[in-house]
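# Summary of structural features
Listed below, chain by chain, are the residues.
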Amino acid sequence: MSKLLLKGGRVIDPSQAMDLVADVLIEDGKIAAVEKDIAAADAECRDVTGKIVCPGLVDIHCHLREPGLERKETIATGSRAAAAGGFTTVMPMPNTSPVADSPASIRYVRDRAEEAGVVRVYPIGAITKGSEGKELSEMSAMADAGAVAFSDDGRPVLSSRIMRLAMEYSHITGLPLIAHEEDLALVDDGDMNEGYVSTVLGLRGNPAAAEETMIARDIILVRLTGARLHIAHVSTAHGVEMIRGAKAEGLPVTAEVTPHHLTMTEEAVRGYDTNTKVNPPLRTAADVEALIEGLKEGVIDCVATDHAPHTVEDKVVEYHFAANGISGFETALPVLWTELVKEGRLSESELIDRMSCQPARIMGLPAGSLAVGHDADVTVIDPDTILAVDKNSFYSKGKNTPYHGRLLSGWPVMTIVGGRAVMENRVVKES
Amino acid sequence: MTKEIKSEIMDGSDIKRAVTRMAHEILEKNHGAEDLVLLGIRTRGIFLAERLKDVIRDVENAELPVGTLDITLYRDDIAVKGGIPIVGESNVPFDLNGKKVVLCDDVLYTGRTIRAALDAVFDLGRPSFVRLAVLVDRGHRELPIRADYVGKNIPTAQQETVEVRFDEHDGYDTVILKGEKY
Amino acid sequence: MAIKTKDLIDLEFLSADEITEILETARPMKEVMRRDIKTVPALRGKTVATLFYENSTRTRLSFELAAKYLSAGTCNISSSASSVQKGESLQDTGRTLDAMGTDIIVIRHNMSGAAQLLGEAVKARVINGGDGTHAHPTQALLDMFTIIERKGKIEGQTVVILGDILHSRVARSNIWGLTKLGAHVRVCGPPTLMPKDIDKMGVEVFYDIDKALDGADVVNVLRIQMERQQKGLFPSIEEYAKNYAMTEERLNRAKKDVLIQHPGPMNRTIEIPSAVADSAQCSVEEQVTNGVACRMALMYLMSGGETLV
């Protein structure tokens, strides 16, 4: 069968504590060997000297919008955007239309992803029917259909009782619940982080406390129920602090942070650029500092993009009316490479770990490793070439990015899924 | 190239003699000072008006009302020229209806300032007539406007400029011609 | 000189010199308003459109009269009358006005940032006539002009802004303008109506009105909206008035020459009792006159043919 040889790259695989210049041989969709000077005359060969070869990136929090919101994104376009961004595995959230709260919905997403045939797509099912926070959805049946986690993302599970029941019920599947933490009463229709900038801009403030009170509640409920909880898009320093405490206590809590919360502050909202409108909102420099620290330390387990594509019409409106979210697949890696690795905040290995090995581990996905015999999901990164972000060249339908025009390095130059190069030299191949 | 002074056309005593003569002409033509009012166009027209008033007081023992006109808001070049001219205040604290107005300005050139001043005057009232007094007429009119009382006619080239300095505003009296020297 | 930026979004983005120039230009404009013939031809041939997404007859009228006194043509689009209700985007409405040859668009909108959004979409120069709880620069200009008329200057004055600071664009714009020109600004109101970190704007925060009024030269009394109480931000109108109304008794205890301002319309039964509203110290009517003069000054200074940034 097919053989692919990646020659001369620097292989970084945190799952094996590996960092060396070596060749990677892929055979029949699996990693066959990682050694120096592999001779394989019959293999298709790629010279990746000067590049970094690592396990394919895994994104456990994205929005592919299908079914129902195809004007924003489809599973096909979203998969291609993921491949362009160096991701080999993604987990779409269920807040589609209708909400993915049934086995049929889960199968639909998997089927569509199979048709698209680009990256691996593991759907997340809704915790409650319609994500309305009232009745538990058929989590067990969805797990059978292929759901890998459950979340009402986009909305909190406001009722403490329902959240408690969901946690208890999740022991049937053993799958994690992913919590979108915000107390809507405290959010009070807020548009951005509450503080000096919201005061100056006259935008309604969404206080850090709105997120933190819910993180506190859910940690307490984990203590009560023993459920496996993953906290989505942590954005505040005190949130990090509480998760650190929960982990020290031994509670089965994990957490993620987005590239934008790691690299932007509320100051970016000045000028009312709606591309800076995200939920949770961009916070303060002190929060960013704590998030980076938490990610390095492992308190925050991983990065997740929260890729949230929107149409121009969703965004080119008054700030208050603008949809939340950033089209994040295609900038996540270079943004973090430039802002964290190049700035010396994280090592190359640490960033790859948080974008591949850790998300795979905490979601129990068969990904995030270049160990021999594993599925050959590989990302090749060009660590040095500097390119400007061009939203118009995005594969995603969503051009909503606050990074347009930014000069970044650390671009993915090859994405290999199951031994097949789905993206090469920034071009996603037709399947 | 910056413009340099070519010559002094009038010195302090020349100006004094010219203003005195103009004051006499005004009184002569109007058969006295009755109903006369002087309106100085900002900035240096005001000083000409004040000086004419002083001479007329000495000669005729009459105190003429003096008002100031700022014509900025009446200019026809606001949207054409770069920048926006600073607006000053007009101050005409008396009724113009039926009065004999003598508009005073330092230099008469294209006539556009006087056109604007006439519009400003008629927004303030309806005088029985309007005459024009200028210290210097340098020619190059772009409108059918002429002065009734002239301190001095100075033939100039269009690239040249005429600058008037008054003691009250500038610390000394002079009229100078500026242009590029070759 | 002129306003250098294409649009006038807020005083935050003007220098002290630019603000001073607007205020100085407003003086001759006020002189024009005193004449029998109140028009000057400065903006002849220009068109000023007022685009009002919020009902405010007095502000719209003030802008329209200002334009008319400068001989500009005017037209008005208000939310009840046009495409606004048909769901057309702000940008599309703006571009339509552009295509029709409008030189200046005055926008009033209940969403913060709307003026900036419009400014970025159109070629016409945009004047912010009040956007959400963000900014209301012309109100601040007229308040400042009135202070100068009454007090001679802004610098060194202690100005108290009193009431619902959280929802007040008037407060924000006044804070920028007043602090730039050297006034000491105090804000006073219930803690639930005080925006977070407002002290970082260079103001002192008071919850106690009597302490705030101590030594004040100017008090700008903001209008309290009934719906704030319905939303639970304070328990009752009565309690609000007890703690934060500019009463006659408080006026008597303040400096003798204290100047009382109000952006209008006044709630005579709540924040500003008639005895204070009708007192000689209150400048409400002058503020209305000065509003036209300041808006004339701004439109004049924004009508040059200069290449704009």
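When helices and strands are counted, chain A shows 13 helices and 22 strands. Relative to a compact globule of 431 residues, whose C-alpha radius of gyration would be 22 Å, chain A shows 20 Å and is just as compact. Taken along the three principal axes of its C-alpha coordinates, chain A extends 65 × 50 × 45 Å. Each of the 431 residues in chain A was classed as buried or not, and the buried ones make up 61%. Once local pairs closer than 6 in sequence are excluded, the contacts in chain A between residues at least 24 apart make up 75%.

On to the packing of helix α1 (residues 75-84) of chain A against helix α2 (residues 103-116) of chain A. All names here are of chain A. Running from N to C, α1 and α2 point in directions that differ by 60 degrees, and their axes come no closer than 9 Å. Taken together, the axes of α1 and α2 are oblique relative to one another. Relative to α2, the crossing made by α1 is right-handed. Residues Ile75, Ala76 and Ser79 of α1 form the contact with α2, whose participating residues are Val109, Arg112, Ala113 and Ala116. Of the residues belonging to the contact of α1 with α2, the class tally is 5 nonpolar, 1 polar and 1 charged.

What follows is about the sheet that holds strand β6 (residues 149-153) of chain B. All names here are of chain B. Spatially, β3-β2-β4-β5-β6 is the arrangement adopted by the 5 strands of the open sheet, whose pairing is parallel. Pairing within the sheet leaves two strands with one partner each, and these edge strands are β3 (66-69) and β6. For this sheet the average axis-to-axis angle between neighbouring strands, irrespective of direction, equals 25 degrees. For strand β5 (residues 129-137) and β6, the ladder comprises 4 bridges, and the chain directions are parallel. Looking across to β6, one finds that valine 134 is bridged to valine 150. Of the strands in this sheet, β2 (36-41), β3, β4 (100-108) and β5 are in contact with helix α3 (residues 112-124), which crosses β4 at around 155 degrees.

To continue, consider the confidence of the model for chain C. Residues with a pLDDT of 70 or more make up 95% of chain C, whose mean pLDDT is 93. Prediction confidence for the complex, expressed as pTM and ipTM, is 0.91 and 0.92 respectively.

So, on to the domain arrangement of chain A. Residue and element names in this part refer to chain A. Here chain A is described as being made up of domain 1 (3-53 + 375-389 + 403-428) and domain 2 (55-363). Here domain 1 and domain 2 have C-alpha centroids that lie 27 Å from each other. Tallying the contact residues gives 24 residues for domain 1 and 26 residues for domain 2. Element by element, the count of residues in the side of domain 1 that touches domain 2 is highest for strand β20 (residues 411-417), at 5 residues.

Interface size is commonly expressed as the accessible surface area that is lost when the partners come together. Counting from both sides, the interface comprises 21 residues of chain C and, opposite them, 17 residues of chain A. Mapped onto the side of chain C that touches chain A, the elements with two or more residues apiece are α3 (90-99), α4 (114-121) and α6 (169-180) of chain C. Counting residues per element, the side of chain C that touches chain A draws most heavily on α4 of chain C, at 3 residues. Tallied by class, the residues present in the side of chain C that touches chain A amount to 8 nonpolar, 8 polar and 5 charged.

Before going further, it helps to spend a moment on the domain arrangement of chain C. All names here are of chain C. If you check the domain split of chain C, you get domain 1 (11-135 + 289-301) and domain 2 (137-283). Once you take the C-alpha centre of each, domain 1 and domain 2 turn out to be 25 Å apart. The interface of domain 1 with domain 2 comprises 21 residues on the first partner and 19 residues on the second. Looking at the side of domain 1 that touches domain 2, the elements that each hand over two or more residues are α1 (16-33), β4 (125-131) and α12 (284-301).

Grouped together as the largest cluster of nonpolar side chains are 164 residues, with contacts concentrated most on Leu52 and Ala133 of chain B together with Leu70, Ile105 and Met299 of chain C. No other element matches the 9 residues that α12 of chain C contributes to this core. Those residues in contact with leucine 52 of chain B, other than ones at most four positions away along the chain, are Val19, Met22, Ala23, Ile26, Leu38, Cys104 and Ala133 of chain B. In this structure, Phe87, Ala232, Leu295 and Ile362 of chain A belong to the second largest nonpolar core, which totals 117 residues.

All right, on to the sheet that holds strand β8 (residues 218-221) of chain C then. Residues and elements named next belong to chain C. The 5 strands lie next to each other as β7-β6-β5-β8-β9, forming an open sheet whose pairing is parallel. Either end of the sheet is taken by a strand with one partner, and the two such strands are β7 (204-206) and β9 (259-261). Each strand of the sheet is rotated relative to its neighbour by a mean of 20 degrees, with strand direction disregarded. Summarising the sheet, β8 and β9 pair through 3 bridges and their orientation is parallel. Among the inter-strand pairings, valine 219 is bridged to a residue of β9, identified as isoleucine 260.

All names here are of chain A. Tracing the chain through its elements places valine 48 in the loop between β4 (44-47) and β5 (52-55). With 23 C-beta atoms counted inside 10 Å, the residue valine 48 sits in the buried group. Sequence spacing of valine 48 and leucine 6 is 42 residues, and the spatial spacing of their C-alpha atoms is 6.2 Å. When near neighbours in sequence (up to four residues on either side) are disregarded, valine 48 contacts Leu6, Lys7, Gly8, Gly9, Val53 and Val380.

Residue and element names in this part refer to chain B. In this sheet, β5 lies alongside β4 in parallel orientation, the contact comprising 8 bridges. In the strand pairing of β5, leucine 108 is matched with aspartate 137. With respect to chirality, the unit in which β4 leads through α3 into the neighbouring parallel β5 is right-handed.

Attention now moves to the packing of helix α7 (residues 208-225) of chain A against helix α8 (residues 237-248) of chain A. Residue and element names in this part refer to chain A. Two elements in contact, α7 and α8, have axes whose closest approach is 9 Å; the angle formed by their N-to-C orientations is 10 degrees. By the criterion of interaxial angle, the relationship of α7 to α8 is roughly parallel. Residues Ala208, Glu211, Glu212, Ile215, Ala216, Ile219 and Val222 of α7 lie in contact with α8, whose contacting residues are His238, Gly239, Met242 and Ala246.

Attention shifts here to α8 of chain A. Residue and element names in this part refer to chain A. Over its 12 residues, α8 extends 17 Å from the first C-alpha to the last, a length consistent with the 16 Å expected when each residue adds 1.5 Å. The complete set of buried residues in α8 reads Gly239, Val240, Met242, Ile243 and Ala246. An end-on view of α8 places all buried positions within 165 degrees of arc, on one side of the element. Its buried side turned inward, α8 meets α7, β14 (229-231), β15 (253-257) and α10 (285-297). With its phi angle positive at about 90 degrees, glycine 250 sits one or two positions after the end of α8.

Quick look at unusual backbone geometry now. Residue and element names in this part refer to chain A. Cis geometry is adopted by the peptide bond preceding proline 67, which originates at glutamate 66 and carries an omega value of 10 degrees. Here asparagine 279 and proline 280 are connected by a cis peptide whose omega angle stands at -5 degrees. Structurally, the position occupied by proline 280 is in the loop between α9 (259-263) and α10. Phi at histidine 233 takes a positive value of approximately 20 degrees, unusual for a residue other than glycine. As for its position among the elements, histidine 233 is in the loop between β14 and α8. Histidine 233 sits in the buried class, given 23 other C-beta atoms within 10 Å.

This paragraph deals with the pairing of β20 of chain A. Residue and element names in this part refer to chain A. Taking burial as the measure, the 7 residues of β20 include 6 buried ones, the bulk of the element. As judged from the 5 bridges shared by strand β17 (residues 378-382) and β20, these two strands associate in the antiparallel manner. Considered in β20, the bridge of aspartate 382 is made with tryptophan 411. Both β20 and strand β21 (residues 420-424) contribute to a ladder of 4 bridges, which runs antiparallel. Within the sheet, the bridge partner assigned to threonine 415 lies in β21 and is methionine 423. Between the end of β20 and the start of β21, which pair antiparallel, lie 2 residues, with glycine 418 showing a positive phi angle near 55 degrees.

The rules behind the values
Residues numbered from 1 in each chain as written. Chains lettered and ligands numbered in written order. Predicted model: local features only at pLDDT ≥ 70, side-chain atom pairs only at ≥ 80, totals over all residues. Helix = DSSP H or I, 4+ residues; strand = E, 2+ residues; numbered from the N terminus. Rg over C-alpha atoms; globule rule 2.2 N^0.38 Å. Buried ≥ 20, exposed ≤ 12 C-beta atoms within 10 Å, placed from the backbone. Contact = placed C-beta atoms within 7 Å. Axes fitted to C-alpha atoms, helices over the stretch in contact; angles between N-to-C directions. Parallel < 35°, antiparallel > 145°, perpendicular 65-115°, else oblique. Left-handed = near helix turned anticlockwise from the far one by under 90°. Nonpolar A, V, L, I, M, F, W, Y, C, P; charged D, E, K, R; others polar. Pairing = 2+ DSSP bridges. pLDDT = per-residue confidence, 0-100. Domains from an automatic or database assignment. Core = buried A, V, L, I, M, F, W, Y, C linked by C-beta atoms within 7 Å. Right-handed = clockwise from strand over helix to strand, strands pointing away. Expected span 1.5 Å × (residues − 1). Arc of directions from axis to C-beta.

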